[in-house]
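Each chain, letter by letter, is given below.
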Amino acid sequence: MHARADAADTAPNWPDDIFATLQRFDVRQVPYVPDAGHSKLIQRVLGSTTMRGIPLTTEEEGVALLAGAWTGGQRGVLLMQSSGVGNCINMLSLIPILRFPFLTLVTMRGEWGEFNPWQVPMGSTTQGVFELSGVKVLRASNAAEVPAVLEAAAAQAYNALTPTAVLLSQRLIGAKVFTR
């Protein structure tokens, strides 16, 4: 059993800010791997009449799904946790070849108050992996930054066709703690 601590309890509106921005940018498809950090946003997407939430078995499926969405005339955003970024490395090569808009929102692990040592390696290399793969990285560390960071990221991804990842810091989503 786990509980969320820190920022997640004090700033619950940032997922709503993300949802509103995605609506303004006419995002229709939202592939995701279930994740506690994205849970409120996923629930908003699943309850939407304009967006389609698509559960994935692994994160790299989402990269291909976004390519297909674009080919079919729709925008999408991939939701994942930092531990899933390593699963996407080969698929990230599709982005410059096919030149489609790519936006991903990544909840970070292995940072602020992390208890699980298995989350630290990918969490500490997520930004570098994206940058080496040609994906621009923006970061939101507190709730007040989320609207502006996401607006900039969506504009880069959808208007300038610049692959962009937004890292939602562990301090923003709240550190996980296990309780009995």
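The structure reproduced in this document is the subject of the present report. (Residues numbered from 1 in each chain as written. Predicted model: local features only at pLDDT ≥ 70, side-chain atom pairs only at ≥ 80, totals over all residues. Heavy atoms only, no water.)

Some words on the pattern of salt bridges
- Enumeration over the complete set of coordinates arrives at four salt bridges.
- Residue Asp16 pairs with Arg44 through a salt bridge whose shortest N-O separation is 2.8 Å. Pair noted here: Asp16 is in helix α2 (residues 14–24) and Arg44 is in helix α3 (residues 39–46), with a separation of 28 residues, a long-range link.
- Judged by relative accessible area, which is 21%, Asp16 ranks as partly exposed.
- Across the pair Arg28 and Asp26 runs a salt bridge, and its minimum N-O distance is 2.8 Å.
- Through salt bridges with shared partners, a single network forms among Asp16, Lys40 and Arg44. (Salt bridge = Lys/Arg side-chain N within 4 Å of Asp/Glu carboxyl O. Helix = DSSP H or I, 4+ residues; strand = E, 2+ residues; numbered from the N terminus. Buried < 20%, exposed > 50% of the residue type's maximum accessible area, 1.4 Å probe, protein only.)

Things to note about the packing of aromatic side chains
- One pass over the structure, following the stated rule, counts one aromatic pair.
- Judged by centre distance (6.0 Å) and plane angle (40 degrees), the rings of Phe25 and Tyr158 are tilted. Taken together, the residues span a long stretch of sequence, with Phe25 in the loop between α2 and β2 (27–32) and Tyr158 in helix α7 (residues 146–159) at a distance of 133 residues.
- Classification of Tyr158 as buried rests on a relative accessible area of 5%. (Phe/Tyr/Trp six-rings, centres within 6.5 Å; stacked < 30°, edge-to-face > 60°.)

Thoughts on the nonpolar core
- If you look at the biggest cluster of nonpolar residues, it comprises 28 residues, and the most contacted ones within it are Ile18, Val77, Leu79, Leu103, Leu105, Val166 and Leu168.
- Within the residue set of this core, elements represented by two or more residues are α2, β2, α3, β6 (103–107), α7, β8 (164–168) and α8 (170–173).
- Among the elements that make up this core, the one with the highest residue count is α7 (seven residues).
- Residue contacts for Leu79: discarding those within four places in its chain leaves Val30, Pro31, Tyr32, Val33, His38, Leu41, Ile42 and Leu105.
- Of all hydrophobic cores here, the second largest spans 23 residues; its members include Val33, Leu66, Met108 and Leu167. (Core = buried A, V, L, I, M, F, W, Y, C linked by side-chain atoms within 4.5 Å. Contact = heavy atoms within 4.5 Å.)

Overview of the environment of Gln29
- Looking at the secondary structure, you find Gln29 in strand β2.
- Distance in space between the C-alpha atoms of Gln29 and Arg75 is 6.4 Å, their sequence separation being 46 residues.
- Setting aside chain neighbours within four positions, we find Gln29 in contact with Arg52, Ile54, Leu65, Leu66, Ala69, Gln74, Arg75, Gly76 and Val77.

Observations regarding helix α4 (residues 60–71)
- Taking 1.5 Å as the rise per residue, α4 with twelve residues should run 16 Å; its terminal C-alpha atoms sit 17 Å apart, in good agreement.
- Buried within α4 are the following residues: Gly62, Val63, Leu66, Ala67 and Ala69. In a view along the axis of α4, the buried residues occupy a sector of 160 degrees, so they form one face of it.
- Structurally, α4 contributes buried residues whose contacts are with β2, β4 (75–76), β5 (78–81), α5 (94–98) and β6.
- Trailing α4 by a residue or two, Gly73 shows a phi angle of about 90 degrees, which is positive. (Expected span 1.5 Å × (residues − 1). Arc of directions from axis to C-beta.)

A word on the side chain of Thr107
- Looking at where Thr107 falls in the secondary structure, it is placed in strand β6.
- Classification of Thr107 by relative accessible area gives buried; the value is 0%.
- Within the structure, Thr107 has its side chain in polar contact with the side chain of Asp35 (distance 2.5 Å).
- Residue contacts for Thr107: discarding those within four places in its chain leaves Asp35, Gly37, His38, Met80, Gln81, Ser82, Leu168 and Ile173. (Polar contact = N/O pair within 3.5 Å; in protein donor to acceptor, adjacent residues only side chain to side chain.)

Describing the pairing of β2
- Here β2 lies mainly inside the structure; five of its six residues are buried.
- Both β2 and β4 contribute to a ladder of two bridges, which runs parallel. Note on β4: the bridge partner recorded for Gln29 is Gly76.
- In this structure, β2 lies alongside strand β3 (residues 52–55), joined through four bridges in parallel fashion. Residue pairing across strands places Tyr32 opposite Pro55, the latter belonging to β3. (Pairing = 2+ DSSP bridges.)

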